[in-house]
Amino acid sequence: MRLRNIPRAEGTLQAHKIVIKRPEDQKGCWRQVFGNKHPVRIEVGTGKGRFILNMAKENPDINFVGIERYSSVLLRAVEMYDTDEFKDLQNVRFICIDARRIEEVFGHDEVERIYLNFSDPWPKARHAKRRLTSVEFLERYEKVLMPFGRLEFKTDNTELFNFSLEQMKEAGWTLQCFTYDLHHNEEMNQGNIMTEYEEKFSQKGNPINKLIAVRRQAASQPGTI
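Counting of residues starts from 1 at the beginning of each chain's written sequence and follows it residue by residue. Under the rules for a predicted model, residues below a pLDDT of 70 receive no local features and side-chain atom pairs below 80 are neither given nor counted, while totals for whole chains, interfaces and linings still include all residues. Values reported for side chains reflect all heavy atoms of the structure, with hydrogen atoms and water molecules removed beforehand.

(A) Inspection of unusual backbone geometry at higher detail. Phi at phenylalanine 118 is positive, roughly 55°, even though this residue is not glycine. Along the polypeptide, phenylalanine 118 turns up in the loop between strand 4 (111–117) and helix 6 (135–142). The class of phenylalanine 118 is buried, set by a relative accessible area of 11%. Even without glycine at this site, phenylalanine 148 takes up a positive phi of about 65°. Secondary structure is summarised from DSSP: a helix means a run of H or I of at least four residues, a strand means a run of E of at least two, and numbering begins at the N terminus for each. Throughout this description, buried means an accessible area under 20% of the type-specific maximum (1.4 Å probe, protein chains only), exposed means over 50%, and partly exposed covers the range between.

As structure tokens, this is what we get:
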């Protein structure tokens, strides 16, 4: 998918209070950024911001950091934040970096939970390491997630989902639960906040897959819901 470059994106992000300009300077200090001791959760690939902004609105006692690689996409999230519905939120920040730099930005055990929503499937086999649920990325997440830290992943791409289930197993993570049809699973769908893609795909009748996994240092019983 080609992204349309928006010339004003860089300048807008640099000037906006909600965007952290040098996130590497905040490594290990994200609670100071927010001015409280609330847990920190991150969304990797935050897109236009609908999911993370609604999560922040519904969970004022949790701090959220949205990570987006492309400035022209993150611009849309910032613009959504500026609407009347979200502009007073104090518990959300955005950073514009590649997800491969996550260890440079967050300290050891600093993150309580990671959300991955409708990540790029990178369908070619030679690009498997670029998938955000690959073993390579799971190793990065382990270094920033706290003990018993969770990863939640949603996608409509069943091939990517099956790959992700296998990668969790290979990396030694514990699958708490998973489903191939989230919206018809009463337990896992409870409190679900949809992304833009999720709404679009579900309206077309595409089932949504979801898994919840715990970093390998934690132990619990796997299961399927």
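(B) Up close: the layout of surface pockets. The method works on a 1 Å grid over the protein atoms by themselves. A cavity is a set of points holding a 1.4 Å probe that cannot get out, a pocket is an open set with protein on both sides within 12 Å along at least five of seven lines, and residues with an atom within 4 Å of a point line them. Grid points are joined across faces, edges and corners, and a volume is the space filled by probe spheres set on the points. Its volume calculated, the second largest pocket comes out at about 320 Å³. Along the walls of the second largest pocket sit 22 residues, with Glu152, Gln190, Gly191, Asn192 and Lys210 positioned nearest its centre. Sorting the residues of the lining of the second largest pocket by element identifies helix 3 (50–58), strand 4, strand 5 (145–155), helix 8 (186–189) and strand 7 (209–214) as the ones contributing at least two each. Per element, the largest residue contribution to the lining of the second largest pocket is 4 residues, and it comes from strand 5. Amino acids outside the nonpolar list (Ala, Val, Leu, Ile, Met, Phe, Trp, Tyr, Cys, Pro) and the charged list (Asp, Glu, Lys, Arg) are all regarded as polar, and Gly is one of them. In the lining of the second largest pocket, the residues fall into 9 nonpolar, 5 polar and 8 charged.

(C) Structural detail: the pattern of salt bridges. Whenever a carboxyl oxygen of Asp or Glu lies within 4 Å of a side-chain nitrogen of Lys or Arg, that contact is scored as a salt bridge. This model, assessed by the stated rule, comprises 20 salt bridges. Here glutamate 104 ties to arginine 101 by a salt bridge, and the two come within 3.0 Å at their closest N and O atoms. Judged by relative accessible area, arginine 101 falls into the partly exposed class, the value being 27%. A salt bridge links arginine 215 to aspartate 109, with the nearest nitrogen and oxygen atoms 3.1 Å apart. You can see arginine 215 sitting in the segment after strand 7 and its partner aspartate 109 sitting in the loop between helix 5 (102–105) and strand 4, a full 106 residues away along the chain. Note on aspartate 109: relative accessible area 26%, which makes it partly exposed.

(D) How the structure looks around the pairing of strand 4. Along strand 4, 7 of the 7 residues are buried, which leaves the element largely enclosed by surrounding structure. Pairing geometry for strand 1 (residues 40–44) and strand 4, over 4 bridges, is parallel. Across the sheet, valine 44 pairs through a bridge with leucine 116, a residue of strand 4. In this description, strands pair whenever DSSP reports at least two bridges between them. Bridge analysis of strand 4 against strand 5 gives 6 bridges, and the strand direction is parallel.

As far as function goes, none of this settles anything; it's purely spatial.
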